[in-house]
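Chain and residue survey
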Amino acid sequence: MQLTKKEKEMLEGKEGNAIKKSMEILVALGEIYGAKKLIDVTSVQIAGVSYDNLGEAGLEFLEQMSKDGKTRVLTTLNPAGMDLENYKNLGISEEFAVKQKLVIGAFAKMGVLTTCTCTPYLIGNNPHYGQHIAWSESSAVAYANSVLGAKTNREGGPSALASALTGKTPEYGMHLDENRNAQIKVIVKTEIKGTHLFGALGKVIGEKVKSKPTYITGIKEATVEELKAFSASIATYGGAAIFHMEGITPNKTPIPTKEITIIKAEIDKAVKSLNMDSEIDFISVGCPHASINEIAKIAELLKGKKVTKEFWITTARPTMKIAQANGYAKIITDAGAKFAADTCCVVAPIKGRFKCLATDSAKGCYYAYSKNQSKTKILPIDKLVEEATKK
Ligand code: F3S
């Protein structure tokens with residue numbers, strides 16, 4: 001890989017140890033993937049924040065990097081393993097909290113904005129069309145490439161941190177236009193409405209085409225919330241980093257001749273597979289993190305009612321603050337539901353605590369079952385509130 005004089009100096013350690021280590025990570029990645037050079041990025045999103053996933057080795061790496069590493073571009077963080085303020089109310093142990101705060105402290109010392117959300121695009125880390133960025137978090141990567149038209153590979157936590165500290169990433173994969181073109185056309189022959197059905201569609205397409213970029217037709221309209229649900233699901237079930245949706249997403253692509261069709265029976269089958277036989281004891285909305293619009297809808301549905309089951313709304317702290325300022329949060333907490341800001345029901349250490357999660361998120365179902373060994377049900381938000389308030 002061709003490095004500039006300055007990049008060579010960074011690699012030799014002339015700008016400190018954290019920069020040296022970062023350059024080693026980026027150059028190694030570039031060489032594995034055949035990149036010819038490094039390019040500048042304007043935005044970074046770092047995943048791998050929960051102490052539950054990082055463990056002691058991950059914490060040590062971050063503390064080492066924070067000795068002399070400082071971010072050079074706008075950098076935000078994925079959810080942590082707990083609500084940083086309200087963790088006791090959510091049943092998180094003090095022992096875990098101490099470690100999680102050390103992780104957050106190391107990121108903060110490096111200048112990372114400790115936003116702790118997987119929807120950075122809803123709270124100000126919102127790159128525009130054509131910008132090169134370095135994001136981790138598969139749902140946000142699919143959203144950024146597809147809906148925003150920014151360009152990012154699916155980074156791991158260490159490579160995203162390396163980009164944050166250097167402002168650079170190797171030029172390969174999604175940074176090159178030829179790799180972003182659709183390879184298969186998907187004709188959707190049934191109406192898809194609501195985050196739960198967009199999630200189910202992502203599951204069906206992801207399982208059929210794996211990580212291939214798709215050109216999807218037949219979707220008449222989609223909200224931001226539906227697109228975030230779809231991005232999360234297609235990335236989880238297939239691994240795609242980009243999709244094109246006719247009339248909805250902004251990227252240009254030649255239309256592939258190879259095509260497949262999705263019919264209603266396949267969506268129904270996907271929903272059925274996520275609706276397992278069990279009694280719901282945990283309800284969660286906000287995978288990916290809930291928007292203010294979703295919170296407003298939940299507040300409207302919960303007004304004057306009481307929940308009878310554990311009900312978490314996982315969201316970014318700034319979004320929760322908006323909900324507090326305009327009264328939605330009070331309605332929700334008066335009903336007995338809880339905000340879990342900074343975290344989510346997948347990265348929080350809650351394995352074994354609940355038998356069956358009900359959510360509108362196909363991605364949430366996947367991880368609840370595979371990581372937390374919980375049964376799942378997928379329902380639209382109004383049905384989730386109905387379940388939560390059942391006597
Ligand atoms: Fe976000 Fe957690 Fe879902 S990180 S996409 S809410 S699994």
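Shown above is the structure to which this text applies.
Residues numbered from 1 in each chain as written. Predicted model: local features only at pLDDT ≥ 70, side-chain atom pairs only at ≥ 80, totals over all residues. Heavy atoms only, no water.

What about the sheet that holds strand E3 (residues 74-77)?
Filter applied, for reference: Note on pairing: DSSP must find at least two bridges between two strands before they are called paired. A run of H or I in DSSP counts as a helix once it spans at least four residues, and a run of E counts as a strand once it spans at least two, with each numbered from the N terminus.
Strand order in this open sheet of 4 strands is E3-E2-E4-E5, and the pairing throughout is parallel. The outermost strands of the open sheet, each flanked by one partner alone, are E3 and strand E5 (154-155). For strand E4 (residues 134-136) and E5, the ladder comprises 2 bridges, and the chain directions are parallel. Note that in E5 the partner of Ser136 across the bridge is Glu155.

Focus on the pattern of salt bridges
Oppositely charged side chains can pair when the atoms bearing their charge come close. The condition that has to hold: By salt bridge we mean one thing: a side-chain nitrogen of Lys or Arg within 4 Å of a carboxyl oxygen of Asp or Glu. Think of it in three bands: with a 1.4 Å probe and only protein chains considered, a residue is buried below 20% of the maximum accessible area for its type, exposed above 50%, and partly exposed in between.
This model, assessed by the stated rule, comprises 27 salt bridges. Between Glu207 and Lys203 there is a salt bridge; the shortest N-O distance is 3.1 Å. Separated by 4 residues within a single helix, Glu207 and Lys203 lie in helix H7 (residues 195-209), roughly one turn from each other. On the basis of relative accessibility, which here comes to 9%, the residue Lys203 falls in the buried class.

Section: helix H2 (residues 17-33)
The following threshold applies: Here the expected length of a helix is defined as 1.5 Å per residue gap, with one fewer gap than residues.
Along its 17 residues, H2 runs 24 Å from first to last C-alpha, staying within 8% of the 24 Å computed at 1.5 Å per residue. With its phi angle positive at about 75°, Gly34 sits one or two positions after the end of H2.

Side note on the site of the ligand
The cut-off we apply is this: Residues are labelled near a given molecule or strand when at least one of their non-hydrogen atoms is within 4 Å of it. The way it works is a 1 Å grid over only the protein atoms, where trapped points that fit a 1.4 Å probe form a cavity and open points with protein on both sides within 12 Å along at least five of seven lines form a pocket, and then any residue with an atom within 4 Å of a point lines it. For this analysis, a molecule is said to be in a pocket or cavity if more than half of its atoms are within 2 Å of the grid points defining it. For the domain bounds, the source is a domain assignment made automatically or taken from a database.
Inspection of the region around the ligand gives Pro79, Cys118, Glu137, Ser139, Gly286, Cys287, Pro288, Cys344, Val346 and Lys363 as its neighbouring residues. For the ligand, the cavity whose grid points lie within 2 Å of the majority of its atoms is the largest pocket. With 3 residues, the single largest contributor to the shell around the ligand is strand E11 (residues 282-290). Residues from two domains meet in the shell around the ligand; each of domain 1 (5-177) and domain 3 (275-388) gives at least three.

In short, shape yes, function no, at least from these values alone.
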